[in-house]
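One-letter residues, chain by chain:
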Amino acid sequence: MRIILLGPPGCGKGTQAKMIVDKFGIPQISTGEILRGAVKDATPMGLEAKKFMDGGLLVPDEVVVGIVKERIQKKDCQNGFILDGFPRTLPQADALKKVLSSLGLPLDYVISLEVDQKALIERLSGRRTCRDCGRGFHVAFDPPRCAGKCDVCGGELYQRDDDRESTIEERLNVYGRQTAPLIDYYRKEGLLVTLDGMEDIPSVWGNIQQVLAGCMG
Ligand code: AMP
């Protein structure tokens, strides 16, 4: 099963991807998480990427395409993968198409989660993430039991630099300009499934499972 989760920042791609991982045992490939790991480790790629990420801009295509090309050829991707946050531009989508076709690995579905702009801003500005285990919380919609501390591992919760209100607006603009055209791209490819991302997490998950039942044979 090879799928792409598409949608603006805050639409729930990461949350749903983790549920797919748990149920189907295929890996989530989140270019954002991979890049944040490189920033944390202060690798040359991470230091370069940070300049773009902090401003809410996209990291250059060749960097993320290189990451994904390498990642999807790892052994744990044999039975499939979930791409979360990639592709984000038309050149990325074209590069992905080329590499998948050279490997003989077609995509099954591109699931697009639709959420209105006001809800995205609320979700992103209240989002908090555990520094240690990466679990996500929301100050209003999914608060931790003890303020500032992860329920799962007790780690410190922090706000991603790019989840600050000043950067959110730019990220949403970038999405509209550079990523939203992929909706039409994948519609034309006959791969697009659109779901309402305004529903609560279990309902969206139920709808995703129905879609995925179609590629379980
Ligand atoms: P995310 O965690 O998916 O919201 O990604 C966080 C940031 O990482 C984005 O705002 C970009 O700066 C960068 N990034 C993640 N994925 C990509 C991608 N496919 N293309 C370019 N930049 C990306």
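Residues numbered from 1 in each chain as written. Predicted model: local features only at pLDDT ≥ 70, side-chain atom pairs only at ≥ 80, totals over all residues. Heavy atoms only, no water.

Enquirer: Explain a negative patch on the surface to me, and be specific about the residues and the numbers.
Expert: Taken together, Glu114, Asp196, Glu199 and Asp200 make up a surface patch of like negative charges. By relative accessible area, Glu114 is classed as partly exposed at 45%. (Patch = residues over 30% accessible without salt bridge, like charges linked within 9 Å, V, L, I, M, F, W, Y side chains within 5 Å. Areas by Shrake-Rupley, 256 points an atom, 1.4 Å probe, with all protein chains shown as cover. Salt bridge = Lys/Arg side-chain N within 4 Å of Asp/Glu carboxyl O. Lys, Arg positive; Asp, Glu negative; His and termini not counted. Charge placed at Lys NZ, Arg CZ, Asp CG, Glu CD. Buried < 20%, exposed > 50% of the residue type's maximum accessible area, 1.4 Å probe, protein only.)

Enquirer: Would you mind going over the environment of Lys188 in detail, with residue names and values included?
Expert: Its place among the elements puts Lys188 in helix H8 (residues 181-188). Sequence separation between Lys188 and Glu169 is 19 residues; the distance between their C-alpha atoms is 29 Å. (Helix = DSSP H or I, 4+ residues; strand = E, 2+ residues; numbered from the N terminus.)

Enquirer: Give me the lowdown on the pairing of strand E4 (residues 109-114), citing residues and values where you can.
Expert: Examined bridge by bridge, strand E1 (residues 2-6) and E4 share four bridges and lie parallel to one another. Bridged to Leu6 within E4 is Ser112. As judged from the five bridges shared by E4 and strand E8 (residues 192-196), these two strands associate in the parallel manner. Along E8, the bridge assignment pairs Glu114 with Asp196. (Pairing = 2+ DSSP bridges.)

Enquirer: Lay out the sheet that holds strand E7 (residues 157-158) with the relevant residues and their values.
Expert: The sheet built from three strands is open, its strands ordered E6-E5-E7 with antiparallel pairing. A single partner strand is all that each edge strand has here, and the edge strands are strand E6 (136-138) and E7. As paired elements, strand E5 (residues 127-130) and E6 share three bridges and run antiparallel to each other. Counted as the bridge partner of Arg128 is Phe137 from E6.

Enquirer: Would you mind going over the site of the ligand in detail, with residue names and values included?
Expert: As a structural note, the neighbourhood of the ligand is formed by 16 residues, with Thr31, Arg36, Leu57, Gly85 and Gln92 the closest of them. Within the complex, the protein chains bury 95% of what would otherwise be the 480 Å² of accessible surface of the ligand. Element by element, the count of residues in the shell around the ligand is highest for helix H2 (residues 31-40), at four residues. Per-class residue counts for the shell around the ligand are seven nonpolar, four polar and five charged. (Near = heavy atom within 4 Å. Nonpolar A, V, L, I, M, F, W, Y, C, P; charged D, E, K, R; others polar.)

Enquirer: Which residues make up the nonpolar core, and what are the values?
Expert: Ile4, Leu6, Leu83, Leu96, Leu107, Val110 and Tyr186 are the most contacted members of the largest nonpolar core, which totals 29 residues. Contributing elements (two or more residues each) for this core: E1, helix H3 (44-54), helix H4 (61-72), strand E3 (81-84), helix H5 (90-103) and H8. Examining the composition of this core, we find that five residues originate from one element, H4, more than from any other. Setting aside its immediate chain neighbours within four residues, Leu6 contacts Cys11, Lys13, Pro87, Val110, Ile111, Ser112, Leu113, Thr179, Leu182, Ile183, Tyr186 and Leu192. Counting 23 residues, the second-largest nonpolar core is a separate cluster that includes Leu120, Val193, Leu195 and Ile208. (Core = buried A, V, L, I, M, F, W, Y, C linked by side-chain atoms within 4.5 Å. Contact = heavy atoms within 4.5 Å.)

Enquirer: Lay out the side chain of Asp163 in plain terms, naming residues and giving numbers.
Expert: Mapped onto the elements, Asp163 comes out in the loop between E7 and helix H7 (165-179). At 2.9 Å, the side chain of Asp163 and the side chain of Arg127 are in polar contact. A distance of 2.8 Å separates polar atoms of two side chains, one belonging to Asp163 and the other to Arg171. Those residues within four positions of Asp163 in sequence are excluded, and the remaining contacts are Leu124, Ser125, Arg127, Ile168 and Arg171. (Polar contact = N/O pair within 3.5 Å; in protein donor to acceptor, adjacent residues only side chain to side chain.)

Enquirer: Account for unusual backbone geometry, naming residues and giving values.
Expert: Cis rather than trans, the peptide bond between Phe86 and Pro87 has omega equal to -5 degrees. Within the secondary structure layout, Pro87 lies in the loop between E3 and H5.

Enquirer: I'd love a proper account of the packing of H2 against H4, names of residues and values included.
Expert: Where H2 meets H4, the closest approach of the two axes is 11 Å, and the angle between their N-to-C directions is 105 degrees. Here H2 lies roughly perpendicular to H4, going by the angle between them. Of H4, the residues touching H2 (which contributes Thr31, Ile34 and Leu35) are Val64, Ile67 and Val68. (Axes fitted to C-alpha atoms, helices over the stretch in contact; angles between N-to-C directions. Parallel < 35°, antiparallel > 145°, perpendicular 65-115°, else oblique.)

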